[in-house]
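Listed here are the chains, written in short residue letters.
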Amino acid sequence: MSDVGPPEVRPKPVVPAKPPNVGAPSPSNPFPPQGFGGGGASSLPPSAIPVPIGSHVASHGVGHNAGGLAAAHNGGQAHAGSHRSSSGSILLGYIGIDTIIEQMRKKTMKTGFDFNIMVVGNSGLGKSTLVNTLFKSQVSRRSAGWARDDKIPKTVEIKAVSHVLEEGGVKMKLTVVDTPGFGDLINNDNCWEPISKYINEQYEKFLKEEVNITRKKRIPDTRVHCCIYFITPTGHSLRPLDVEFMKRLSHSVNIIPVIAKSDTMTIEERLEFKQRVRKELEMGGIEFYPQKEFDEDMEDKSDNDKIREAMPFAVVGSDKEYQVNGKRVLGRRTAWGIVEVENPNHCEFALLRDFLIRSHLQDLKEVTHNIHYETYRAKRLNANGGLHPISSNDTQESNL
């Protein structure tokens, strides 16, 4: 006889507990609810209905229960990719809002952007050399046909030179506006007027393009975003011309004061001169960039306070390279050694470059557009009773 084993005992399938009043007819609903499969499929409780990830379920409480399951599975916390709907339920899935940053980056890299910088100061302070050092390229007026031996005009003549720079796939049209002859005359009365006129002319060009009925998709931006004012390193105080210029133009352009050729002073003389300049600017009511009233939040205020305490930057510019400790550096050769331009122990050029290009370049453009240009625009329209649209021929003539 063969051994006969006991019959296999299989556990009964677990039947989900039926919620109260589910499946039972009610006076308002005499028919019991049917299953989602249709036909003879059995009804399932909402918690047992599979919900695809990322679907926005609006059925009676299903989305809420699905979110509850996800929260229970993760120890009571919502899924990392979840978000709340207006009804308070948690919906799972990734939307992609954060890709707007990448979209803006790609568009900027395709179109590029404009940046216009003006340099103002006496002849011989190294304005062109400093701009060449800032952008590590020959972007000064010398690259437009000027030579070292050329005679600098004794009246203010505005010279604008444009270059297209590219770095890391980002293109920037840089325009350097030089003002040779500023402050070189014996009588410098009203010598700032040609500069003020040039700045307002660029605002006027932009305004006329804006009010045209058929305007360009991208208006050329020739507005001056930044004006670097070079202070002569006397070691004593500001000249009346310095105070008058910055007082008259500080409300129409972003002014950044710098002490030129600061290597002509000792460290003690430089610190004392900087403190004296800041005090004179404060007493004269002169606001330089970044202005305190434009700080958007506490983080901006903290960062800008450090910058304001360091200004005016004591800088040294040079486009010549020298060998120092086995490295090639930009600097100025003296009888006692090399003044390294990018060494923070020698001068504050690195602070100016980081501030001007790496941290506040976009803010300079925004302040120019939202503050200085809007002030000019409101004044212009109020004085003229509204600016009427002009023809394209008039626009072309005004741009010549």
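The coordinates are above.
Residues numbered from 1 in each chain as written. Predicted model: local features only at pLDDT ≥ 70, side-chain atom pairs only at ≥ 80, totals over all residues. Heavy atoms only, no water.

Describing the sheet that holds strand β4 (residues 159–167)
Here is step 1 of the chain: Ordered in space as β4-β5-β3-β6-β7-β8, the six strands form an open sheet in which the pairing is mixed. Every other strand in the sheet has two partners, leaving β4 and β8 (313–314) as the edge strands with one partner each.
Here is step 2 of the chain: Bridge analysis of strand β3 (residues 113–120) against strand β5 (residues 170–178) gives seven bridges, and the strand direction is parallel. Bridging across to β5, Ile117 finds its partner in Val176. (Pairing = 2+ DSSP bridges. Helix = DSSP H or I, 4+ residues; strand = E, 2+ residues; numbered from the N terminus.)

As for the packing of helix α4 (residues 193–211) against helix α9 (residues 361–384)
Here is step 1 of the chain: Running from amino to carboxyl end, α4 crosses α9 at an angle of 80°, the nearest separation of the two axes being 10 Å. In terms of orientation, α4 lies roughly perpendicular with respect to α9. Contacts between α4 and α9 involve Asn200, Tyr203, Glu204, Phe206, Leu207 and Glu210 from the first element and Thr368, His369, His372, Tyr373, Tyr376, Arg377 and Arg380 from the second.
Here is step 2 of the chain: Of the residues that constitute the contact of α4 with α9, the class distribution is five nonpolar, four polar and four charged. (Axes fitted to C-alpha atoms, helices over the stretch in contact; angles between N-to-C directions. Parallel < 35°, antiparallel > 145°, perpendicular 65-115°, else oblique. Contact = heavy atoms within 4.5 Å. Nonpolar A, V, L, I, M, F, W, Y, C, P; charged D, E, K, R; others polar.)

Observations regarding the packing of aromatic side chains
Aromatic ring pairs: the centre-centre distance and the angle between the two ring planes describe each pair.
Here is step 1 of the chain: All chains considered together, the criterion is met by eight aromatic pairs.
Here is step 2 of the chain: Aromatic side chains Phe182 and Phe245 sit 5.2 Å apart centroid to centroid with 70° between the ring planes, which places their arrangement in the edge-to-face category. Note that Phe182 is positioned in the loop between β5 and α4 and Phe245 in helix α5 (residues 240–249), a separation of 63 residues in sequence.
Here is step 3 of the chain: Residue classification places Phe182 among the buried residues on the basis of a relative accessible area of 0%.
Here is step 4 of the chain: Consider the rings of Phe313 and Phe355, whose centres lie 5.9 Å apart with planes at 45°: the pair is tilted. One end of the pair, Phe313, is in strand β8; the other, Phe355, is in helix α8 (residues 349–359), and 42 residues separate them in sequence. A single burial state applies to Phe313 and to Phe355, both of which are buried.
Here is step 5 of the chain: Taken together through their ring pairs, the aromatic side chains of Tyr203, Phe206, Tyr373 and Tyr376 make up a single cluster.
Here is step 6 of the chain: In this structure, Arg223 packs its charged tip against the face of Phe206, placed 3.7 Å from the ring centre.
Here is step 7 of the chain: Residue placement shows Arg223 over the ring face of Tyr373; its charged tip is 4.9 Å from the ring centre. (Phe/Tyr/Trp six-rings, centres within 6.5 Å; stacked < 30°, edge-to-face > 60°. Buried < 20%, exposed > 50% of the residue type's maximum accessible area, 1.4 Å probe, protein only. Lys NZ or Arg CZ within 6 Å of the ring centre and 35° of its normal.)

Some points on the pairing of β4
Here is step 1 of the chain: Of the strand pairs in this sheet, β4 and β5 are connected by nine bridges, and their pairing is antiparallel. Paired with Glu166 across the bridge in β5 is Lys171.
Here is step 2 of the chain: Hairpin remark: β4 followed by β5, antiparallel, with two residues in the connecting loop; positive phi at Gly168, about 65°.

Describing the pattern of salt bridges
Here is step 1 of the chain: Taken as a whole, this structure holds 20 salt bridges when the rule is applied.
Here is step 2 of the chain: A salt bridge links Lys301 to Asp305, with the nearest nitrogen and oxygen atoms 3.0 Å apart. Of this pair, Lys301 and Asp305 both sit in helix α7 (residues 298–310), four residues apart, which is roughly one turn of that helix.
Here is step 3 of the chain: Given a relative accessible area of 23%, Asp305 falls into the partly exposed group.
Here is step 4 of the chain: Across the salt bridge formed by Asp354 and Arg353, the nearest N and O atoms sit 3.5 Å from each other. (Salt bridge = Lys/Arg side-chain N within 4 Å of Asp/Glu carboxyl O.)

Topic: the pairing of strand β10 (residues 327–334)
Here is step 1 of the chain: Taken together, the four bridges between strand β9 (residues 321–324) and β10 define a ladder with antiparallel strand orientation. Note on β10: the bridge partner recorded for Gln323 is Arg328.
Here is step 2 of the chain: Hairpin geometry of β9 and β10 is characterised by an intervening segment of two residues between the two adjacent antiparallel strands and by a positive phi of about 55° at Asn325.
Here is step 3 of the chain: Of the strand pairs in this sheet, β10 and strand β11 (residues 337–340) are connected by four bridges, and their pairing is antiparallel.

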